[in-house]
Amino acid sequence: MSHAASTPSIPTVSSRAKSLTGRAVVPGDKSISHRALIMGALAVGETTITGLLMGEDVLRTAAVMAALGAKVEESKGPDGKPLWRVWGRGIGGLTEPADILDMGNSGTGARLIAGLVSAYPFTTFMTGDASLRRRPMDRIIKPLSQTGARFTCRAGGRLPMAVTGTPLPMPLSYDSPIASAQVKSAVLLAGLHAPGLTTVTEPVASRDHTERMFRYFGVDVRSETVKIPAGRGQHGSSRYKVEVLGQPELSGRPINVPADPSSAAFLVVSALLVPGSHLILPNIGINPLRTGLFDTLQEMGADITYTNRREEAGEPVADLEVKYSALKGINVPAERAPSMIDEYPILAVAAACADGVTRMDGLGELKVKESDRLAAMANGLKACGVAADAVGESLIVRGGGPKGNAPVLIPVELDHRIAMSFLVLGMVGERPIAVDDASAINTSFPDFVGLMNGLGANIESRELS
Ligand code: S3P
């Protein structure tokens, strides 16, 4: 069921928590889960997936892979945990979907799958919820059109969109103006179907889950940071470059999806802010292109340690231990944005409770996420009595915690991370903080409320008095 259609009447309210303690199993990584299903559909034979995120976004990608001709089945593994099996069709083997693909809330699903179907000689229709229908698709339409694919969409490159793929996809060479794993992956997935070498560069490396999973499946993919000769570099003196050799033969593989560091972020920050807290979070993905938040929090004074470091399906993983810590405000440089792009809402909450001012720069991309997160955080924090300002592409937050004790209601605009961030802020201070629609959280973190309450949080659905 999509949360888009429902009109929630009862807010979800978070009140001061005593302490958060225990061991918590964080759901699977959203980015890796999408890619595991897509690669499974492109490989011949069986791909088994454990740890898959069972959130709405990923379940839609599973349904879409089935609509494109793969066989996708959910069962239980020998340990009683969900085991997904995908029997793929091979590169070039997907078939025309019989109906419009509904990508729900998922920008990743929409953009990666648009890249994929752009390499097939049929037309795919795609739509999404009100949030996704506001988000720009021109960033993928521009490069993918150069392969021979055609796109028809609403004004401003908005969904609904029809993608008419090409029978003979051309290999692309694309210099992306933004560091975006969705853009990079859309081009690489199209490139997997083209003869020869597809190249994509970006100003700095965005998350490299696609490259790692390609490699894990045996695709010939090379990535490196290359120097740009003086005078030509629009975005600095180096760029990150990926090359993929198209039309490989892939066979199914077992994938164990690590827990999502972007979901763990909400538990980590809660533990740092609520006095007396101590959490153990096993099996968290610590891909260096995803750990910007943990690095930043450590710079702010956080007690976070990694133990039991290992690798799963080409991704680095560790267990995290987090203890309550006094945080101080810092400047977070623009260069760090790609490695923590989804974490600014929860970092802003940490900053609101730190000692001193935190300034976060280079946040232009936050304006085109599930909501305009720059505005949502500045406005929401102000409503909670925190001095916060969005200035250009920066967010400046003065610490000291939420002020006042009257309950406050935050509109989440179908944005899961805005909802979870404000529920975390409600755990500190006198002021209960409510969100108008917690159902958005199901896109990435099903049972967030149950898990947090099991650790000591105080979150409930009730009318605000
Ligand atoms: C994602 C890439 C990022 C991120 C999103 C997941 C991915 O988006 O914000 O949540 O899985 O490729 P951009 O590519 O727009 O930066």
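What counts as what
Residues numbered from 1 in each chain as written. Predicted model: local features only at pLDDT ≥ 70, side-chain atom pairs only at ≥ 80, totals over all residues. Heavy atoms only, no water. Helix = DSSP H or I, 4+ residues; strand = E, 2+ residues; numbered from the N terminus. Buried < 20%, exposed > 50% of the residue type's maximum accessible area, 1.4 Å probe, protein only. Contact = heavy atoms within 4.5 Å. Phe/Tyr/Trp six-rings, centres within 6.5 Å; stacked < 30°, edge-to-face > 60°. Lys NZ or Arg CZ within 6 Å of the ring centre and 35° of its normal.

A. Region of the structure containing the environment of Ile 280. Following the sequence through the fold, Ile 280 ends up in strand S15 (residues 278-285). Residue classification places Ile 280 among the partly exposed residues on the basis of a relative accessible area of 27%. Counting along the chain gives 214 residues from Ile 280 to Ala 66, while the straight-line C-alpha distance between them is 36 Å. Ignoring anything within four residues of it in the chain, the contact list for Ile 280 reads Gly 22, Arg 23, Ala 24, Leu 320 and Glu 321.

B. Geometry of the packing of aromatic side chains. Overall, the coordinates contain 4 aromatic pairs when judged by the stated rule. Judged by centre distance (6.3 Å) and plane angle (80°), the ring pair of Phe 266 and Phe 448 falls under edge-to-face. You can see Phe 266 sitting in helix H7 (residues 261-273) and its partner Phe 448 sitting in helix H12 (residues 448-455), a full 182 residues away along the chain. For the pair shown, Phe 266 and Phe 448 are each scored as buried. A ring pair is formed by Phe 445 and Phe 448, whose centres lie 5.2 Å apart and whose planes are at 75°; its orientation type is edge-to-face. For Phe 445, a relative accessible area of 1% puts it in the buried group. Put simply, the rings of Phe 266, Phe 445 and Phe 448 pair up and form one aromatic cluster. Looking at Lys 71, its charged tip hangs above the ring of Trp 87, at a distance of 4.4 Å from the centre.

C. Spatial organisation of unusual backbone geometry. Note the cis peptide between Leu 159 and Pro 160, where omega equals 0°. Among the structural elements, Pro 160 can be located in strand S9 (residues 158-164). Backbone geometry places Gln 247, a non-glycine residue, at a positive phi of 55°. By the secondary structure assignment, Gln 247 is in the loop between strand S13 (238-245) and strand S14 (254-256). On the basis of relative accessibility, which here comes to 48%, the residue Gln 247 falls in the partly exposed class. The residue Glu 413 is not glycine, and still its phi comes out positive at about 50°. Tracing the backbone shows Glu 413 in the loop between strand S22 (408-410) and helix H11 (416-425).

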